[in-house]
Amino acid sequence: NNSIANNSTNGDRDFMENSTNESNKVDYNKGYMSGEWYINEWADMRFFVSDNWEQGTDAMYKIFEIDVDVDCGLLLHDDSTETTLLISYEKLNGQAVSSSEYLDIVTSKLVENPKNTFSDVYTLNIANKQFQTVTLSAYNENKGKTRFARHSAHKKEDYMIYIYIDTYDDLYGDSILADFE
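Residues numbered from 1 in each chain as written. Predicted model: local features only at pLDDT ≥ 70, side-chain atom pairs only at ≥ 80, totals over all residues. Heavy atoms only, no water.

Trainee: Which parts of the structure should I look at to understand the overall build of the protein chain?
Mentor: The secondary structure content of the protein chain amounts to 3 helices and 11 strands. For the protein chain, the N- to C-terminal ordering of α and β elements is β-β-β-β-α-β-β-α-β-β-β-β-β-α. Within the protein chain, the fraction of its 181 residues that count as buried is 44%. Residue pairs in contact within the protein chain that sit at least 24 positions apart in sequence constitute 47% of those at least 6 positions apart. For the protein chain, the exposed surface amounts to about 9,600 Å²; the carbon and sulfur share of it is 48%. (Helix = DSSP H or I, 4+ residues; strand = E, 2+ residues; numbered from the N terminus. Buried < 20%, exposed > 50% of the residue type's maximum accessible area, 1.4 Å probe, protein only. Contact = heavy atoms within 4.5 Å. Areas by Shrake-Rupley, 256 points an atom, 1.4 Å probe, with all protein chains shown as cover.)

Printed below as a string of structure tokens:
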């Protein structure tokens, strides 16, 4: 089926430890938590997890890992700002797909909703890497405000690194990016 990390006895999400081969090249892995940091040495990135973030439940992780080729490295939610952050990795199995094409695929079903508007694809520097990014905005009539969903993709080896930030405050979405190194 799909690769979903197991629960530890205390209910916290377990993260795969990184592994290296003889040449000190870091093998693909989906990262791990170390103190207040999510670290993925293979992706050469880390993210500071402040106290306002809550770890996603295993059920939430399963939603994003429904495809056997997708590993969800980190899933966080901030209830006070109604913000979600996802970092995932999709094995491309040799498919020649660019970051922009990947974003087209990921957002294709969202385009069908006439209430959704999309930015043009633009480049964001996240953790010193160039991510192709598209931002969706949609007015939520029940809340009386606009929701912003930022989809960012960067290809490394045979994987697509995907970062998703969903928030009502686009400036807060920008500030989240500052927590990446």
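Trainee: Before we go on, may I ask you to explain unusual backbone geometry in this structure?
Mentor: When glycine is set aside, most residues are seen to have a negative phi, and most peptide bonds are trans. Unlike most non-glycine residues, Asn93 shows phi in positive territory, near 50 degrees. Inspection of the secondary structure assignment puts Asn93 in the loop between strand E6 (83-91) and helix H2 (99-111). The class for Asn93 is partly exposed, based on a relative accessible area of 44%.

Trainee: When you look at the environment of Thr83 in this model, what are you seeing that I'm missing?
Mentor: The residue Thr83 is located in strand E6 in this model. Judged by its relative accessible area of 0%, Thr83 falls in the buried class. Spatially, the C-alpha atoms of Thr83 and Ala149 are 9.5 Å apart, while their sequence positions differ by 66 residues. Those residues in contact with Thr83 that sit more than four places away from it in its chain are Trp53, Leu76, His77, Asp78, Ile165, Asp166, Thr167, Tyr172 and Ile176. In this structure the side chain of Thr83 is engaged in a polar contact, spanning 2.8 Å, whose partner is the side chain of Thr81. (Polar contact = N/O pair within 3.5 Å; in protein donor to acceptor, adjacent residues only side chain to side chain.)

Trainee: Help me out: how do you make sense of the pairing of E6 in this one?
Mentor: Strand residues, when the strand is regular, have side chains that alternate between the two faces of the sheet. In terms of residue burial, E6 counts as a mostly covered element, since 8 of its 9 residues are buried. Summarising the sheet, strand E5 (residues 70-78) and E6 pair through 8 bridges and their orientation is antiparallel. Opposite Leu75, over in E6, you have Leu86 as the bridge partner. Between E5 and E6, which follow one another and run antiparallel, lie 4 residues, and Glu82 among them has a positive phi close to 55 degrees. Here 8 bridges tie E6 to strand E11 (residues 159-167), and the two strands are oriented antiparallel to one another. By the bridge assignment for E11, Tyr89 is matched with Ile161. (Pairing = 2+ DSSP bridges.)

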